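Overview (structure and organization)
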Amino acid sequence: MSINLIQVTAAQRAQILQQMRSRLRPGQQRMADWQAGPLAISAVPGSGKSTGMAIAVAILLATRSLGSQDSGIEIGQKTENKEQEIGLGQEEFTPNSQLLLVTFTRSAVANLKSKIREHLRSLSIASQGFMVYTLHGLALNIATRHPDLSGLDLNRLTLVSPNQSSRLIRTCVEQWVAAHPQSYQRLLEGRQFDGEETERLRRQSVLRTEVLPDLAYTVIHEAKSSGLLPQQLYELGKNVTRHAILDEADYDVLTIAAGLYERYQTLLRQRGFLDYDDMILAALRVLENSSARQLWQSQIYAVFEDEAQDSSPLQTRLLEILATAPNQADRLPNLVRVGDPNQAINSTFTPADPAFFYEFCERCALTHRLAEMDQAGRSTQAIIDAANFVLTWVNDRYANLQPPIPNPQSPILPFRPQYIHPVAPDDPQEDANPDPEGTGLEIRFPPDIYQTVNLIGLRVAELLTHYPDRRAAVLVRENRQGRFIADLLQNPDFYHLDINLKQSGIELYDVGQRDRHSHVPAEILTMLQFLDRPHSPDYLKAALQVLVDRQLIPTQDLNALVSFPEQFLYPGPLDPPQPDPVRRARRYCVSLLKARLELPHYQLIPFLAMTLQYEQSELATADKLAERIIHQTFGDSSMATVLDALGEIVRSERFEAVEMEEPESRLLRPRQLTLITMHKAKGLDWDFVFIPFLHEQVIPGRLRVLPQAQFLGDFTLSEVARAQIRASIHGMYPLPDLLSAWQRAESLKIAEEFRLLYVAMTRAKRLLWMSAAHKAPFSWSKPENLDDRAPCPVLPALVHQFPQSMSHPSKLN
Ligand SMILES: Nc1ncnc2c1ncn2[C@@H]1O[C@H](COP(=O)(O)OP(=O)(O)OP(=O)(O)O)[C@@H](O)[C@H]1O
């Protein structure tokens, strides 16, 4: 593809480059001035990480391709460190070597690429000399270019990403149970077991369908992405301290976990599967070979990583190797890592522990190779003050709650003490640190969650009517809250709201609703598996779970129902009468089974879609799925073939919902109220941000042990194993005993919930509205069951610090 470059003279180019550099904020300039060696950039929200990286990379590429004299930029003019002493000088880079940029998501890759290209075009420089990848994309590229070394041949292997309920994990659990009867028996007996048969069956169901799949899933991911093999996990198990009091309930969690992991690896090999962690491992295998390693290292002269707080140890190792010059293993890598440890919000469900980036920052700080990007132009001062206050308050309050951590390098605070500052008055960002709307921070304590939605509706209507070009969003902790808000706002008369957004010309966009469509194939598969084998406790339970999740039957202990499927589905006259929730569940199941006998196969999917009460676009997705299945099973539409075809679709995730993923702009439309989870909102911003339902029970909340699993003890095996593995990575030997590990897991969860709140708060530009209702539900699957709920403890502290946040602004006109 030929690109028309604007013709500019050398002098003009030098001037543009100088202008570009002068537009950068101090931390961003450090990135642009980088020459060699490691550099950590710890940035605050909205400080311009991606923007800065794109400009810095363009400057760097221009300087490299033109030579520093022609570019008019004196390389490294303001750096405090002495790159030449420890790293490579420019002259040592091979002419074809590239700058490798790595970021977290595919959309971030596309954004970064297009921004860099745009800057290079303005300099009349060809778009070359750099490549942008996601970490997995990069690993795949390396591994598939050397199939002989990586053992990865995509013609033979299928890439899978199994979750807790996938067949692979289930099979691995079943095999482990069969091979380890004694360990399994010990788990089964747990605490207080009198050998009663019904209780034994119930515990079996919980262990086989919940506890062990959860343990397998967590540990496999955690261990693999930390570079641990099953054998090493067995060894770690020997280093765990035993708890002084627990006695019989002190299970050898890591040993059980290692057994599961070992089975899983064997199953993968036997079936020709590989998972995402294997891709990174395969790339590392390639780089163990010295000629392959040198080939890659000579092609890459530096690595820039964005969102570095989200990387796992293995991913970091991959980047470090690539960033090292060939045959120069003793030199420090040319690695620039940009991230915000305070926005690490994946560490409790992925192996990304912010401690690793935090430690990288601290190491770099020792040699003056840490730069802070602490100026941000996004928010008004009142919002910056509130976010900074939360950071300090949480660090003060929770510092002492952390269990002792012997390794001084491990972070002991939920937040890195780094404050957001407004940008300088001459900052080039348009409308930087805008004026607040009203006081900029509004905190409310409505009587209940219905009143909360009413208040949000009124304020949104007022604001978006007055400022039709501005943007607003409600950030929720979970999708069910979004569904609740959408339901009320879409039916204002029914719920007696004082506002009708539609009539005010404001559109509602519930992001969670769109995401739910990707569950359609998996839900249909679950229901069909049940129809195929209704007496399988696993299939029955999975189907019941779908019905509970979709709120079609009451929440109840499903393990009790599935222990005796026949008795549950077709109770005899001598069986004890079923309580109402059980009866309702049974009626649903029996009517589904009846339909199975009466309907031809090809009508089952649309029928199930109706039964699950899918809404319009979910129905369209189900129809598309049914068509695909008919097409794929043409000539043999037996139930077994249908299940195979559907299983393949679900496993490979090769089925998009009818509505394609939309660009970011869809979430940011003016005159629209976007309902989105706090997690999904990361990286985005809106003028007016509403964060309701901030209750202590959720933020910070507690790690929960589900009632059905409490027979094992007051902890979950998966969290204990995760904490012990992490402790090993941080060199904390002997590894913490079961209860200390559980406590560490709890600390991780508390810290992460507060960081999530911080991410949510820092999405707001002009108004941040937060609330906790006096009455709220325990579970959002039953929002109508209201109880007294305490607010998130930081809310009263915020009110105390910023009393004006409680005042009601005068009406807009
Ligand atoms: N040097 C700069 N000059 C002008 N505008 C800038 C500059 N740096 C950043 N910005 C602007 O600041 C805003 C935030 O930038 P960006 O999205 O890159 O921040 P971020 O650090 O990635 O945010 P977050 O941490 O919240 O994900 C953008 O609107 C961007 O255009």
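Source: prediction; values computed, not measured.

Cut-off values and rules
- Residues numbered from 1 in each chain as written.
- Predicted model: local features only at pLDDT ≥ 70, side-chain atom pairs only at ≥ 80, totals over all residues.
- Helix = DSSP H or I, 4+ residues; strand = E, 2+ residues; numbered from the N terminus.
- Rg over C-alpha atoms; globule rule 2.2 N^0.38 Å.
- Near = placed C-beta within 6 Å.
- Nonpolar A, V, L, I, M, F, W, Y, C, P; charged D, E, K, R; others polar.
- pLDDT = per-residue confidence, 0-100.
- Contact = placed C-beta atoms within 7 Å.
- Pairing = 2+ DSSP bridges.
- Axes fitted to C-alpha atoms, helices over the stretch in contact; angles between N-to-C directions.
- Expected span 1.5 Å × (residues − 1).
- Buried ≥ 20, exposed ≤ 12 C-beta atoms within 10 Å, placed from the backbone.
- Arc of directions from axis to C-beta.
- Parallel < 35°, antiparallel > 145°, perpendicular 65-115°, else oblique.
- Core = buried A, V, L, I, M, F, W, Y, C linked by C-beta atoms within 7 Å.
- Right-handed = clockwise from strand over helix to strand, strands pointing away.
- UniProt positions renumbered as here; feature names shortened; annotations may be inferred.
- Left-handed = near helix turned anticlockwise from the far one by under 90°.

Scanning the protein from terminus to terminus reveals 34 helices and 16 strands. At 28 Å, the protein has a C-alpha radius of gyration in line with the 28 Å of a compact globule built from 813 residues.

Contacts to the ligand come from 19 residues, most closely from P45, G48, K49, T51 and Q429. A total of four residues in the shell around the ligand trace back to one element, the largest contributor, which is helix 3 (residues 49-66). In terms of residue class, the shell around the ligand is built from four nonpolar, 10 polar and five charged.

In this model, the protein carries a mean pLDDT of 87, and residues with pLDDT of at least 70 account for 90%. Across residues 74-92, where pLDDT falls below 50, the model places 33 contacts with residues more than four positions away in sequence or in other chains. Taken together, the stretch residues 402-409 has pLDDT below 50 and engages in 14 contacts with residues farther than four places along the chain or on a different chain. Confidence estimates for the predicted assembly give a pTM of 0.83 and an ipTM of 0.95.

This part takes up the sheet that holds strand 13 (residues 686-691). Strand order in the open sheet formed by six strands is 9-14-13-10-12-11, and the pairing between neighbours is parallel. The outermost strands of the open sheet, each flanked by one partner alone, are strand 9 (441-444) and strand 11 (507-510). If you compare each strand with its neighbour and ignore which way they point, the axes differ by 20° on average. As paired elements, strand 10 (residues 472-476) and strand 12 (residues 672-677) share five bridges and run parallel to each other. Residue pairing for strand 12: L475 is matched across the bridge by I676.

Between its first and last C-alpha atoms helix 9 (residues 167-179) spans 18 Å; for 13 residues at 1.5 Å apiece the expected length is 18 Å, and the two agree. Every buried residue of helix 9 is accounted for by I169, C172, V173, W176 and V177. The buried side chains of helix 9 occupy one side of the element, clustering within an arc of 135° when seen end-on. Residues A178 and A179 are exposed on helix 9 and point more than 90 degrees away from its buried face. Packed against the buried residues of helix 9 are helix 10 (181-189), helix 11 (197-224) and helix 13 (253-271).

Moving on to the packing of helix 13 against helix 32 (residues 717-729). Helix 32 packs onto helix 13 with a crossing angle of 95° between their chain directions and a minimal axis gap of 9 Å. When the interaxial angle is binned, helix 13 and helix 32 end up roughly perpendicular. In this structure, helix 13 contributes V253, L254 and A257 to the contact, and helix 32 contributes L717, V720, A721 and Q724. Classifying every residue of the contact of helix 13 with helix 32 by side-chain character gives six nonpolar, one polar and no charged.

Moving on: the nonpolar core. Of all hydrophobic cores here, the largest spans 188 residues; its most connected members are V57, A139, A216, A257 and L260. Among the elements that line this core, the one with the most residues is helix 33 (residues 738-761), at 14 residues. Beyond its immediate stretch of four places on either side in the chain, L260 contacts C172, V173, W176, L212, L215, A216 and V219. Of all hydrophobic cores here, the second largest spans 34 residues; its members include A585, A622, A626 and V642.

Moving on to helix 33. Structurally, the α-helix is built with 3.6 residues per turn, so residues lying three or four positions apart point the same way. Here helix 33 spans 35 Å end to end across 24 residues, near enough to the 34 Å set by a 1.5 Å rise per residue. Counted residue by residue, helix 33 has 19 buried out of 24 residues, so it is predominantly covered.

Here we take up the pairing of strand 7 (residues 335-339). A large share of strand 7 lies buried, amounting to five of its five residues. Residues L335, R337 and G339 point to one face of strand 7 and V336 and V338 to the other, with burial holding for every one of them. One ladder, built from four bridges, connects strand 1 (residues 39-43) with strand 7; its direction is parallel. Residue pairing in the sheet places S42 in a bridge with G339 of strand 7. The sheet contact formed by strand 6 (residues 300-305) and strand 7 spans three bridges and is parallel. Residue pairing in the sheet places V303 in a bridge with L335 of strand 7. Running through helix 16 (residues 313-322), the crossover from strand 6 to the neighbouring parallel element strand 7 is right-handed.

As paired elements, strand 2 (residues 98-103) and strand 3 (residues 130-134) share five bridges and run parallel to each other. Across the sheet, the residue bridging to L100 is M131, located in strand 3. As for the winding sense of the linkage, the β-α-β connection from strand 2 through helix 6 (residues 106-122) to strand 3 is right-handed.

Let's shift gears to the UniProt feature "binding site: ATP" (unreviewed entry) in the protein. The UniProt record annotates "binding site: ATP" (unreviewed entry) at A43, V44, P45, G46, S47, G48, K49 and S50. Looking at where G46 falls in the secondary structure, it is placed in the loop between strand 1 and helix 3. Discounting residues that sit within four places of it in the chain, G46 has contacts with A376, G377, R378, S379, D685 and T762. Relative to the elements of secondary structure, G48 occurs in the loop between strand 1 and helix 3. Excluding its chain neighbours within four sequence positions, the residues that come into contact with G48 are R25, Q28 and M373.

Let us look at the packing of helix 7 (residues 135-145) against helix 14 (residues 276-288). Contact pair helix 7 / helix 14: the axes reach a minimum separation of 8 Å and the direction vectors enclose 50°. The angle between the axes of helix 7 and helix 14 places the two elements in the oblique class. As for how helix 7 packs across helix 14, the hand of that crossing is left-handed. Mapping the contact onto sequence places H136, A139, L140, I142 and A143 in helix 7 and Y276, M279, I280, A282, A283 and V286 in helix 14. Broken down by class, the residue content of the contact of helix 7 with helix 14 amounts to 10 nonpolar, one polar and no charged.

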